[in-house]
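# Secondary and tertiary structure notes
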Amino acid sequence: MSATHIGIAGAGLLGRLLAWHLARAGHQVSVFDRASGPEPTFDGQQAAAFTAAGMLSPLAELDNSSPEVAVLGWRSLALWPRIIAEMASPPPFAARGSLLLAHRSDLASAQRVLVRLAQALPGTPHAEPLSAAQLGELEPALQGAAHAWLLPQEGQIDPVAAMRALHDEACDVRWNWNRRVTAVEEGALVFDDGTRQRFDLVFDVRGTGARPQLPVRGVRGETVWLHAPSHGLTRPVRLLHPRHRVYIVPRSADVVLLGASEIESEDRSPVSLRSAVELMSAAHSVMPALAEARIQRLDANLRPALPDNEPHTDVSAGRVRINGLFRHGWLIAPALVEDALRAIGLNAAQPATEFAP
Ligand SMILES: Cc1cc2nc3c(=O)[nH]c(=O)nc-3n(C[C@H](O)[C@H](O)[C@H](O)COP(=O)(O)OP(=O)(O)OC[C@H]3O[C@@H](n4cnc5c(N)ncnc54)[C@H](O)[C@@H]3O)c2cc1C
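One numbering rule holds for all chains: residues counted from 1, following each sequence as written. The predicted origin of the model limits local features to residues at a pLDDT of at least 70 and limits the giving and counting of side-chain atom pairs to 80 or more, whereas totals for whole chains, interfaces and linings rest on all residues. Only hydrogens and water are set aside when side-chain values are computed; all heavy atoms of the structure are taken into account.

### Let's talk about the site of the ligand
We call a residue near a molecule or strand whenever a single non-hydrogen atom of that residue lies within 4 Å of it. Lining the immediate surroundings of the ligand are 35 residues, of which D33, V181, F326, W330 and L331 lie closest. Any N or O atom pair separated by 3.5 Å or less is treated as a polar contact, with the protein-specific requirement of one donor-capable and one acceptor-capable atom, and with residues adjacent in sequence counted only for side-chain atom pairs. In this structure, an oxygen atom belonging to the ligand sits 3.5 Å away from a main-chain N or O atom of G12. Within the contact set of the ligand, an oxygen atom lies 2.8 Å away from a backbone nitrogen or oxygen of W330. Surface accessibility in these figures is a Shrake-Rupley result with a 1.4 Å probe; residues are shielded only by whichever protein chains are displayed. Protein chains bury 97% of the 1,000 Å² of accessible surface belonging to the ligand in isolation. Within the residue set of the shell around the ligand, elements represented by two or more residues are α1 (13–24), α2 (48–51), β14 (217–227), β18 (294–305) and α8 (329–343). Polarity classes work like this: nonpolar for Ala, Val, Leu, Ile, Met, Phe, Trp, Tyr, Cys and Pro, charged for Asp, Glu, Lys and Arg, and polar for all others, with Gly in that last group. Residues that form the shell around the ligand fall into these classes: 18 nonpolar, 10 polar and 7 charged. Here a helix means four or more residues in a row that DSSP labels H or I, a strand means two or more in a row labelled E, and each is numbered from the N terminus.

### Concerning the pairing of strand β11 (residues 188–191)
Relative accessible area decides the class of each residue, using a 1.4 Å probe on protein chains only: under 20% of the type maximum gives buried, over 50% gives exposed, and in between gives partly exposed. The alternating pattern of β11 places A188 and V190 on one face and L189 and F191 on the opposite face, and all of these are buried. Should DSSP find at least two bridges between two strands, the strands are regarded as paired. As defined by bridge partners, strand β10 (residues 181–185) adjoins β11 across 4 bridges and the pair is classed as antiparallel. The residue bridging A183 from the neighbouring strand is V190, located in β11. Taken together, β10 and the strand that follows it, β11, pair antiparallel across an intervening segment of 2 residues, in which G187 is found at a positive phi of about 80°. Of the pairings in the sheet, the one linking β11 to strand β12 (residues 196–198) comprises 3 bridges and is antiparallel in character. Residue V190 lies in a different strand from β12, and its bridge partner there is R196. Turn length for the β11-β12 hairpin, with the two strands adjacent in sequence and antiparallel, is 4 residues, and the turn residue G194 shows positive phi of about 90°.

### Describing the packing of aromatic side chains
Planes of paired rings set the category: under 30 degrees apart is stacked, over 60 is edge-to-face and the rest tilted, where pairs are Phe, Tyr or Trp rings (Trp by its six-membered ring) whose centres lie within 6.5 Å. Counted according to the given criterion, the structure contains 5 aromatic pairs. Measuring from centroid to centroid gives 6.0 Å for W175 and W177, while their planes differ by 5°, and the two rings are stacked. Through successive ring pairs, a cluster of aromatic residues spans F32, F191 and F199. By the criterion adopted, a ring carries a charge over it if an Arg CZ or a Lys NZ lies within 6 Å of its centre and within 35 degrees of its normal. In this structure, R251 packs its charged tip against the face of W225, placed 5.0 Å from the ring centre. Note that R297 overlies the ring of F42, its terminal NZ or CZ placed 3.7 Å from the centroid.

### Brief notes about the confidence of the model for the chain
When pLDDT is averaged along the chain, the result is 94, and 96% of the positions lie at 70 or above. For the stretch residues 353–357, pLDDT sits under 50, and the model shows 17 contacts to residues farther than four places along the chain or on other chains. Residue-level confidence of the predictor is what pLDDT reports, using numbers from 0 through 100. Two residues form a contact once any of their heavy atoms are found within 4.5 Å.

### Considerations on the environment of S109
When you line up the elements, S109 lands in helix α4 (residues 107–120). Classification of S109 as partly exposed rests on a relative accessible area of 21%.

Structure below.
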């Protein structure tokens, strides 16, 4: 396909990744977003991509997603380093594994999760039990959990830095802010002032904003940013907990992010006391030094999910829709974008190997 004039509705994770790829391939790209600018606002209204923890966890996510998502995740783990290698200001990225922790009383539920992870996708890395001494050697900041496992080769990316780099380094892209797209037709975008702009090809990547054209819903997630100077944590950590999927993600040498609630609600209001208390007490139970951390930010947003909680790409003449990235957007976006561009003949590159290992 020789499309040259491309319109993208949505400048979130997918919109920026598509714009970055397509502009580099020489296409004329215009992006439209309802946001007032490219920077995060942390007001509950911004792209979900800014709120995300940035965990790249194909193995751990098997607990609540399909093997297909994990396959996309392992492929994307191989693609992110290639994308980042092309950037002048690359975002922090690492793939040194993550940790799974459980308190003594939660061992039975932890074992059920581990069985699910082991059986879901044979032939991929699996959880490795760690002794207390091995855990102490890997992550001395973690204390208090009776059981620990290493999830090899899982990764993390800094979403705010990656969103900035994808925007700043997508050369010659025309970014249009304060532009709400009300409909994405084949070869045209329709705006809330009633105007219509024609393109050779359009992408609908508006996340939760793609309604009513897509049956997408928002699933509320809340996070806590902590300023914890020299916290010492080097890998993302998940705590197996009967009620929450709690994680601690090192964002920099001085900042960790705690996440995340998962609530079937489209409430975009600030973080509740209950979620904040539960996330922070769970994190403190395995990382006691967090007691002296300072709360830097509380953030809430909606994850875009389709009825089956799976990602879907719909390709027709002049239009591509990608949505339903739910809780795995950073994990799977590079592979989804690669597949979509190949499906419309805009990507001649060989596919990434199926698994990062
Ligand atoms: C609390 C939380 C934690 C998360 N943690 C992780 C994680 O650790 N790992 C992971 O892989 N994923 C995580 N995610 C999921 C990830 O953030 C999403 O899957 C991803 O951002 C979805 O990308 P998207 O481009 O489809 O949507 P978004 O990033 O939400 O972008 C959609 C864009 O469309 C724009 N838009 C909407 N409507 C319109 C309109 N009508 N006209 C124009 N523009 C419009 C929006 O302003 C936005 O910029 C998390 C999400 C949340 C909320």
